[in-house]
Amino acid sequence: MTSPAAPLLVLAAMPEEAAPLVARLESAERLETPFTSGVAAVRGRLAGRDAVVVTTGIGIAAATAAATWGILAHGPSVVVAAGSCGGLAADVEVGTLIVGDTFTYSIADATAFGYAPGQVPGGPERFAADGAWADRAERAARESSGAVRRGLMLSGDAFVTAPLAGPMRERFPSALSADMETTASARTAEALGVPFVALRAVSDLCGPAAGQQFHLELDQVAETSARAVEAFAAQL
């Protein structure tokens, strides 16, 4: 169970994604973690709210391990995935802030046994954010960013290049973005009974169309995400 005084837990895969969040923390203090490498944690106040920012490392396993520790060690009121992602939907542009409200695995395939694309046997077809929390995240996104989309985010241990993007769009026609951590963090939060939302900004397009701008620097999109997380924290 969480309490009103419980901190906000923010997860970012890379140090570059965590940096603008850590820079916003007042009274920041680095925390000890049980990990030998790849994970860092900083605690402070974000928009007046107690917050822990954890750099998880890249990928499903890294995100699961760091999210599990972050939740069990700090008992957060809500978990937020921050940082960058790849734009998968054909009409998503770089710089767009994606508000995740459903999540699944991009490369999981047990369809031969009757499961939906992305569904792991024994798990749900989609992991879903609580609607009220997703609404808060969307409000924060629209307060802080110009281009905002809300919907399905995919995650898997494969960087989605152009050859992968077309088949992935066919399998998941409503998916907005792809990354390597968010679904694993959503699954961990659900398993441990903590609300989860995602506020990640598009840095690259997965298979851009001719004439589309296909890349923004990581520090730019990390700042976009951090502004939204700060606005989200201010609502708590």
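Each remark here, short or long, concerns the structure printed above.
Keep in mind that what you see is a predicted model, and the values were worked out from it rather than measured. (Residues numbered from 1 in each chain as written. Predicted model: local features only at pLDDT ≥ 70, side-chain atom pairs only at ≥ 80, totals over all residues. Heavy atoms only, no water.)

Peer 1: Sorry if this is basic, but what is going on with the pattern of salt bridges here?
Peer 2: Two side chains with opposite charge may pair up if their charged atoms get near one another. The tally for this structure, following the rule as stated, stands at 13 salt bridges. The salt bridge involving E223 is made with R24; its shortest N-O contact spans 2.6 Å. Of this pair, E223 sits in helix α6 (residues 218-235) while R24 sits in helix α1 (residues 15-24); the two residues are 199 residues apart in sequence, bridging distant segments of the chain. Between R200 and D179 there is a salt bridge, with the nearest N and O atoms lying 3.6 Å from each other. (Salt bridge = Lys/Arg side-chain N within 4 Å of Asp/Glu carboxyl O. Helix = DSSP H or I, 4+ residues; strand = E, 2+ residues; numbered from the N terminus.)

Peer 1: Is there a simple way to think about helix α5 (residues 182-191) in this case?
Peer 2: An α-helix turns once every 3.6 residues. As a result, residues three or four positions apart point the same way. Counting buried positions over the 10 residues of α5 gives 7, a clear majority of the element. Once α5 ends, the next one or two residues include G193, with phi positive near 75 degrees. (Buried < 20%, exposed > 50% of the residue type's maximum accessible area, 1.4 Å probe, protein only.)

Peer 1: Even after reading the chapter, I still don't get the side chain of T188, so can you show me in this structure?
Peer 2: Position of T188 among the secondary structure elements: in helix α5. T188 sits in the buried class, given a relative accessible area of 5%. A polar contact is formed between the side chain of T188 and the backbone oxygen of A184, at a distance of 2.9 Å. Excluding its chain neighbours within four sequence positions, the residues that come into contact with T188 are T64, A67, T68 and I71. (Polar contact = N/O pair within 3.5 Å; in protein donor to acceptor, adjacent residues only side chain to side chain. Contact = heavy atoms within 4.5 Å.)

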